[in-house]
Amino acid sequence: MRKQRALFALVCLLLGAVSAGLLLGQRTREYKSDQFLMDTLVSIRVYGKDADKLREAVAAAYAEMHRIADLADGFPQPGTTAYRISDVCRINEQAGLKPVSADKDVIAMLTLAKKYHSLSEGAFDVTIGPVMDLWGFGRNDPQVPPPGRLGEALALVGSKDLVVNEREQTVFLRKAGMKLDLGAVAKGYATEKAIQALKRHGIEKALIDAGGNIRVLGKSRRDIPWRIGIKDPRKADALTAVLALEDSAAVTSGDYYRYFEAGGKRWHHILDPRTGYPAAENMSVTAVTADAGLADVLSTVFFVLKPEKALELAEKLEGVDLFLVADDGRILHTPGLRGRVEVKAGEGYRHDQGR
Ligand code: ADP
Ligand code: MG
């Protein structure tokens, strides 16, 4: 009898919990909005109770993303806002001539870029512009550059000649012909700015996906960590891993995202600034850290480095984790991801649990 009563109480308790959950669920709504921005599809999802507030918050987040995209646009079309306000464009035009005043967010992106240029011993370099232009990844006709031209372009690459004056808020490229390319920084930085805008609008739960750059705010709708899929770099619809993420960013750089094939080889868009050719050590790397701007920089840094070097650097950096698929099929990650990453090593991959 006592057992029955206990069971009845338990059932009531469960029913109560479920209906409370349903009620809460009814009040919390999702608002989702997609835009094509920075050459990629950006998707923002926010959760909250007031539909108007959700819409306003997302509009503010997109305004921030557009502002950063415009400031960092290297090839703005005449007549656009970017054409008027792009700092990167003006800095490039004045290369070898004079320092240019820049927005504080451009100064912040370049300061971050210079820091990781030295920490990566040159693997990361935002002055890669002249070499990127030769390959033409953004154009319809990308091609493998002739070695001579590659040598000339490489002579113009080097962040030691990128002078960022934080006090004066100016930027100067010392050599004529030098060119900034913020492709490895701006998307993540803009994502982080968007998250800050959402927070200012009182949003506590959100997910931004900017072409594989993921940043989540808070926990998921069900109050558990978000589950983020890491794509199989060789099988379009398969996943290599699922990552639990909370209030943090996970940014992936891969050789499968933007590439062309020529001479039986795959040529992708993340270059080793020391050779001018695509970095060949990894198929995909995912940098996990709180700030989406830093995560974007780190995803490119780790992609260019050898897997062992990348893991060593990730472990040295406070609050940074790394998941990677090396070019030989090894799947490796920092110890910090143990218990947070579920690896689904498909055919052709080896998951080294030792790490
Ligand atoms: P994705 O654009 O796929 O998110 P990344 O964040 O790794 O990938 O950025 C790649 C872009 O960064 C390239 O398209 C180019 O603009 C720029 N880039 C390429 N190689 C380097 C490098 N070694 N250091 C800094 N920027 C780079
Ligand atoms: Mg990047």
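Remember, it's a predicted structure, so these values are computed and weren't measured experimentally.

How would you explain the coordination of the magnesium ion (ligand 2) if you had to name every residue and give the values?
Summarising the metal site, the magnesium ion (ligand 2) is bound by the protein donors Asp 296 (O), Asp 296 (OD) and Thr 300 (OG1), whose distances to it range over 2.2 to 2.4 Å. With a gap of 4 residues between them, Asp 296 and Thr 300 both fall in helix 9 (residues 292-304), about one helical turn apart. The burial state of Asp 296 is the same as that of Thr 300; both residues are buried.

Please set out the packing of helix 8 (residues 186-200) against helix 9 residue by residue, giving values where relevant.
Axis separation between helix 8 and helix 9 bottoms out at 6 Å; the angle between their running directions is 165°. Judged by the inter-axis angle, helix 8 sits roughly antiparallel to helix 9. When the axes of helix 8 and helix 9 are compared, the crossing they make is right-handed. The segment helix 8 lies against helix 9, with Ala 186, Lys 187, Gly 188, Tyr 189, Thr 191 and Glu 192 engaging Ala 292, Gly 293 and Asp 296. Residue classes in the contact of helix 8 with helix 9 are distributed as 3 nonpolar, 3 polar and 3 charged.

Outline the sheet that holds strand 5 (residues 170-173), listing residues and values.
Pairing is antiparallel across the open sheet formed by 3 strands, whose spatial order is 3-5-4. At either end of the open sheet lies a strand with only one pairing partner, and these are strand 3 (100-101) and strand 4 (162-165). Looking at chain direction, strand 4 and strand 5 are connected through 4 bridges and run antiparallel. What sits directly across from Leu 162, in strand 5, is Leu 173. Here helix 5 (residues 104-119) sits on the sheet and contacts strand 4 and strand 5; the angle it forms with strand 4, its principal contact strand, is near 125°.

Break down the pattern of salt bridges for me, citing the residues and quoting the values.
Taken as a whole and assessed by the stated rule, the structure comprises 24 salt bridges. Taking the shortest distance from any N to any O, the salt bridge between Arg 55 and Asp 52 comes out at 2.8 Å. One end of the pair is Arg 55 and the other is Asp 52, both in helix 2 (residues 51-72) and 3 residues apart, which spans about a single turn. Note on Asp 52: relative accessible area 46%, which makes it partly exposed. In this structure, Asp 103 and Arg 67 form a salt bridge, with 3.6 Å as the shortest nitrogen-oxygen distance. Pair noted here: Asp 103 is in the loop between strand 3 and helix 5 and Arg 67 is in helix 2, with a separation of 36 residues, a long-range link. Classification of Asp 103 by relative accessible area gives partly exposed; the value is 25%. If you follow the salt bridges from partner to partner, you end up with Glu 64, Arg 67, Asp 103, Asp 105 and Lys 193 in one network.

About the cut-offs
Residues numbered from 1 in each chain as written. Chains lettered and ligands numbered in written order. Predicted model: local features only at pLDDT ≥ 70, side-chain atom pairs only at ≥ 80, totals over all residues. Heavy atoms only, no water. Donors = N, O, S within 2.8 Å, 3.2 Å for Na, K, Ca; no water. Helix = DSSP H or I, 4+ residues; strand = E, 2+ residues; numbered from the N terminus. Buried < 20%, exposed > 50% of the residue type's maximum accessible area, 1.4 Å probe, protein only. Axes fitted to C-alpha atoms, helices over the stretch in contact; angles between N-to-C directions. Parallel < 35°, antiparallel > 145°, perpendicular 65-115°, else oblique. Left-handed = near helix turned anticlockwise from the far one by under 90°. Contact = heavy atoms within 4.5 Å. Nonpolar A, V, L, I, M, F, W, Y, C, P; charged D, E, K, R; others polar. Pairing = 2+ DSSP bridges. Salt bridge = Lys/Arg side-chain N within 4 Å of Asp/Glu carboxyl O.

Bear in mind that shape data such as this cannot, by itself, settle questions of function.
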